[in-house]
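Read off the chains here:
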Amino acid sequence: MPDKPRLTDLPEWTALQAHANALRSASLRDLFARDPVRGERLTTEACGWYLDYSKNRLTDDTLRLLVALAQAQGLAPAIAAMFRGDAINATENRAVLHTALRNRATTPVLVDGKDVMPGINQVLDRMAAFTRQVRAGAWLGYTGKPIRAIVNIGIGGSDLGPVMAYEALRLYSARNLIVRFVSNVDGAHFHEQTQDLDPAETLFIVASKTFTTQETMLNAATARAWCLRALQDPAAVARHFVAVSTAEAEVVKFGIDPANMFGFWDWVGGRYSLCSAIGLPVMLAIGPERFLELLDGFHAMDRHFAETPFERNLPVLLGLIGLWYNNFFGAETHALLPYSQYLSRFPAYFQQGDMESNGKSTDKQGRRVAWQTGPVIWGEPGTNGQHAFYQLLHQGTKLIPADFIGFTQPHADPRVRSHHAAFMANLVAQTEALAFGKTADEVRAEKTPEALVPFKTFEGNRPTNTLLAESLTPFSLGALIALYEHKIFVQGVLWDVYSFDQWGVQLGKVLAGKVLAELDAKAEPALKHDSSTNALIRRCRAGLR
Ligand code: G6Q
């Protein structure tokens, strides 16, 4: 069979390149002047989210050409293959079915000929029953005290999603439950997250797909020792530890009763696992009903993604626009700027989601790609970011496309309702300033001394998307997360990379094991690394002794 044509050899790619060259000097000022309704036309809405993509350096032709590229790269069959449960994670020979986890319609989804939906719903029911017990104070610790604090121990995909969603949905959370997260193997994290807790009232969730991750296992062992030092009986583990994992044998080996284990499956990738039992701390915080609303939001966006023509499909549009700057304008990074303090961990969550998925340089045929793949994803909530790094967005030499995410309705707390106009004014003003800047003549018209004019001029033409929903609810959060998950999928298909493996994480894990043995060795080990690594190991050994 002849090799699949490379992305950059496709006529659709060449057409985009020519189009990009023609459009390179176009300014958003001109594009808006030419079309007075551009800001209403280049918008679309789904699942409660309004997307305004008019402040991008593109025309109707750009979108037509980008959609043609998506079609040439087989985006439609790729979407169908994911939802159908094909083993699209080919390097690990696995299906990719986070969409089944929130398939609220419960239509059958087959993996190896078996419907996975009954298993998914059974785990959700068990999570809900457990959650109700804990929240009602009926799940008692070993000494008979109800649980007051939940500590989730996990890292990466078993931490970032729950942390982000817990923060995002604080408004909906039970305020009498303390919910904490320990991820870092730096002992300081465990120390700070537990030093004010009482082991008799604390429940640990050990969340690890593999149950072999070094950081999580060390933190879990420390938690168990801390608990048993206070409670003095190994039987206490059953009341104070539950596990979320795919690896029952490892969970048992650790000493957790399988009756206290909530399972998931190898077709759920770590960074896509929030809707699985990995979401247990979120369910404990907000309750089962709200958790199901979160899943409903995910599901609504899944349906939108699977069923909507590309031209009006939110994840497809975000994916294509991102590719436009990444591959035709040399943009190296992409900023996520939520105007919501509750979404403070959203950029970090999708930093992993995006960079671990599309930070690849080998195409699906095993060849080195000849095009740019995933961008660096970063960001902080507004307005804080405005007083920190936005200077570079406005006047730096780099092109940084950015997504502004906000909510139109004010916070429910009457004391702060009046903040919202000021908050949203900033969001809107930033996108306006980035797009249209300020010309030298406009600066002069403000009677600015001539020497200062170049410094106070803003080129503008900095592209942004704006995403608005009415309010941050479990449903709108679910839809937003699914939107970005599918954006990543779209880009992975177009760049022809496997988005659902993460071999790049393995090398460091293996080497850390080797170095750990050398740090722990009683006798001076014969170090065979390079001179820098050897010297660092010797210095660390000296500190450890
Ligand atoms: C996510 C990655 C990675 C993983 C962690 C934790 O997609 O695979 O972040 O989630 O390494 O792994 P465990 O859940 O197996 O502990």
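A few points on the structure. (Residues numbered from 1 in each chain as written. Predicted model: local features only at pLDDT ≥ 70, side-chain atom pairs only at ≥ 80, totals over all residues. Heavy atoms only, no water.)

## Structural notes on the overall build of the chain
Now for step 1: The secondary structure content of the chain amounts to 23 helices and 13 strands.
Now for step 2: Taking 545 residues into account, the globule formula puts the C-alpha radius of gyration at 24 Å, and the chain, at 25 Å, falls close to it.
Now for step 3: In terms of its C-alpha atoms, the chain occupies a principal-axis envelope of roughly 75 × 65 × 60 Å.
Now for step 4: Split into buried and exposed, the 545 residues of the chain put 54% on the buried side.
Now for step 5: A fraction of 74% describes how many contacts in the chain between residues 6 or more apart in sequence connect residues 24 or more apart.
Now for step 6: Total accessible area on the chain is roughly 23700 Å²; 55% of this is exposed by carbon and sulfur atoms.
Now for step 7: Side-chain charges in the chain split into 54 positive and 55 negative, and the spacing between the mean points of these groups amounts to 4 Å. (Helix = DSSP H or I, 4+ residues; strand = E, 2+ residues; numbered from the N terminus. Rg over C-alpha atoms; globule rule 2.2 N^0.38 Å. Buried < 20%, exposed > 50% of the residue type's maximum accessible area, 1.4 Å probe, protein only. Contact = heavy atoms within 4.5 Å. Areas by Shrake-Rupley, 256 points an atom, 1.4 Å probe, with all protein chains shown as cover. Lys, Arg positive; Asp, Glu negative; His and termini not counted. Charge placed at Lys NZ, Arg CZ, Asp CG, Glu CD.)

## Brief notes about the packing of aromatic side chains
Pairs of aromatic rings are described using the distance from one ring centre to the other and the angle between the two planes.
Now for step 1: Under the counting rule described, the total for this entry stands at 29 aromatic pairs.
Now for step 2: Ring geometry for W378 versus F389: centroids 4.8 Å apart, planes at 70 degrees, classification edge-to-face. Here W378 is found in strand β11 (residues 376–378), whereas its partner F389 is found in the loop between β11 and α17 (390–395), with 11 residues between them in sequence.
Now for step 3: Through a chain of ring-to-ring contacts, three or more aromatic side chains come together here, namely F190, F204, F211, W226, F241 and F254.
Now for step 4: One residue, R224, lies across the ring of F254, its end atom 4.3 Å from the ring centre. (Phe/Tyr/Trp six-rings, centres within 6.5 Å; stacked < 30°, edge-to-face > 60°. Lys NZ or Arg CZ within 6 Å of the ring centre and 35° of its normal.)

## Focus on the sheet that holds strand β1 (residues 43–46)
Strand pairing in a sheet relies on backbone hydrogen bonds, with the paired strands running either antiparallel or parallel.
Now for step 1: Pairing in this open sheet of six strands is mixed, and the strands run β1-β2-β13-β12-β10-β11 from one edge to the other. The sheet is open, and its two edges are formed by β1 and β11, each paired on a single side. Taken over all neighbouring pairs, the strand axes of this sheet differ in orientation by 15 degrees on average, direction set aside.
Now for step 2: Across four bridges, the pairing between β1 and strand β2 (residues 49–52) is antiparallel. The residue bridging E45 from the neighbouring strand is Y50, located in β2.
Now for step 3: Where helix α16 (residues 346–358) meets the sheet, its contacts fall on β10 (333–338), β11 and β12 (402–407), and the angle it forms with β11 comes to roughly 165 degrees. (Pairing = 2+ DSSP bridges. Axes fitted to C-alpha atoms, helices over the stretch in contact; angles between N-to-C directions.)

## Some points on the site of the ligand
Now for step 1: In the region of the ligand, 14 residues are neighbours, and S158, S208, K209, T210 and T213 sit closest.
Now for step 2: In this structure, an oxygen atom belonging to the ligand sits 2.5 Å away from a side-chain N or O atom of T213.
Now for step 3: Along the lines of polarity and charge, the residues of the shell around the ligand split into one nonpolar, nine polar and four charged. (Near = heavy atom within 4 Å. Polar contact = N/O pair within 3.5 Å; in protein donor to acceptor, adjacent residues only side chain to side chain. Nonpolar A, V, L, I, M, F, W, Y, C, P; charged D, E, K, R; others polar.)

## Remarks on the environment of A412
Now for step 1: Tracing the backbone shows A412 in the loop between β12 and α18 (419–436).
Now for step 2: Given a relative accessible area of 58%, A412 falls into the exposed group.
Now for step 3: Separated by 401 residues in sequence, A412 and P11 have C-alpha atoms that sit 53 Å apart.

## Topic: the packing of helix α1 (residues 11–23) against helix α15 (residues 314–328)
Now for step 1: Axis separation between α1 and α15 bottoms out at 11 Å; the angle between their running directions is 80 degrees. Taken together, α1 and α15 sit at an angle that is classed as roughly perpendicular. In this structure, α1 contributes W13, L16, Q17, H19, A20 and L23 to the contact, and α15 contributes W324, N327 and F328.
Now for step 2: Classifying every residue of the contact of α1 with α15 by side-chain character gives six nonpolar, three polar and no charged. (Parallel < 35°, antiparallel > 145°, perpendicular 65-115°, else oblique.)

## Here we look at the sheet that holds strand β6 (residues 178–182)
Now for step 1: One open sheet holds the five strands; their spatial order is β6-β5-β7-β8-β9, and the pairing between them is parallel. Edge positions in the open sheet fall to β6 and β9 (261–263), since each of these has one partner strand only. The sheet shows a mean angle of 20 degrees between the axes of neighbouring strands, direction not considered.
Now for step 2: Contacting β5 (149–153), β7 (202–207), β8 (241–245) and β9, helix α7 (residues 117–135) crosses the sheet at an angle of about 145 degrees to β9.

## Side note on α16
Now for step 1: Taking 1.5 Å per residue as the helical rise, α16 with its 13 residues ought to reach 18 Å, and the 18 Å between its terminal C-alpha atoms agrees with that figure.
Now for step 2: Summarising burial for α16: 10 of the 13 residues are buried, a large majority.
Now for step 3: When α16 is considered as a whole, its buried residues turn out to be F346, P347, A348, Y349, F350, Q352, G353, D354, S357 and N358.
Now for step 4: Looking at the buried residues of α16, the elements they touch are α8 (160–168), β10, β11, β12 and α21 (474–495). (Expected span 1.5 Å × (residues − 1).)

## Here we look at the pairing of β2
Now for step 1: Joining the antiparallel neighbours β1 and β2 is a turn of two residues, in which C47 adopts a positive phi near 50 degrees.
Now for step 2: Note that β2 and strand β13 (residues 464–469) share three bridges and pair antiparallel. Among the inter-strand pairings, L51 is bridged to a residue of β13, identified as L467.

## Things to note about the environment of I150
Now for step 1: Inspection of the secondary structure assignment puts I150 in strand β5.
Now for step 2: According to the relative accessible area criterion, I150 is buried, its value standing at 0%.
Now for step 3: In the structure, I150 is positioned 156 residues away from A306 in sequence and 37 Å away in space, judged by C-alpha atoms.
Now for step 4: With residues up to four places along the chain from it excluded, the contact list for I150 reads V134, L177, I178, V179, R180, L203, I205 and L284.

## Examining the nonpolar core
Now for step 1: Formed by 122 residues in total, the largest nonpolar core has its most connected members in L75, W324, F346, L467, L477 and Y484.
Now for step 2: Top contributing element to this core by residue count: α21, with 13 residues.
Now for step 3: Setting aside residues no more than four positions away along its own chain, Y484 makes contact with L318, L336, F346, F350, D403, I405 and L467.
Now for step 4: Of all hydrophobic cores here, the second largest spans 25 residues; its members include A149, V182, F190 and L231. (Core = buried A, V, L, I, M, F, W, Y, C linked by side-chain atoms within 4.5 Å.)

## Brief notes about the environment of D198
Now for step 1: Along the chain, the position of D198 falls in the loop between α9 (187–194) and β7.
Now for step 2: Once the C-alpha coordinates of D198 and D520 are considered, the two residues, 322 residues apart in sequence, prove to be 31 Å apart.
Now for step 3: Excluding residues that lie within four positions of it along the chain, D198 makes contacts with K145 and W226.

Everything listed here is a matter of coordinates, which is why it stays silent on function.
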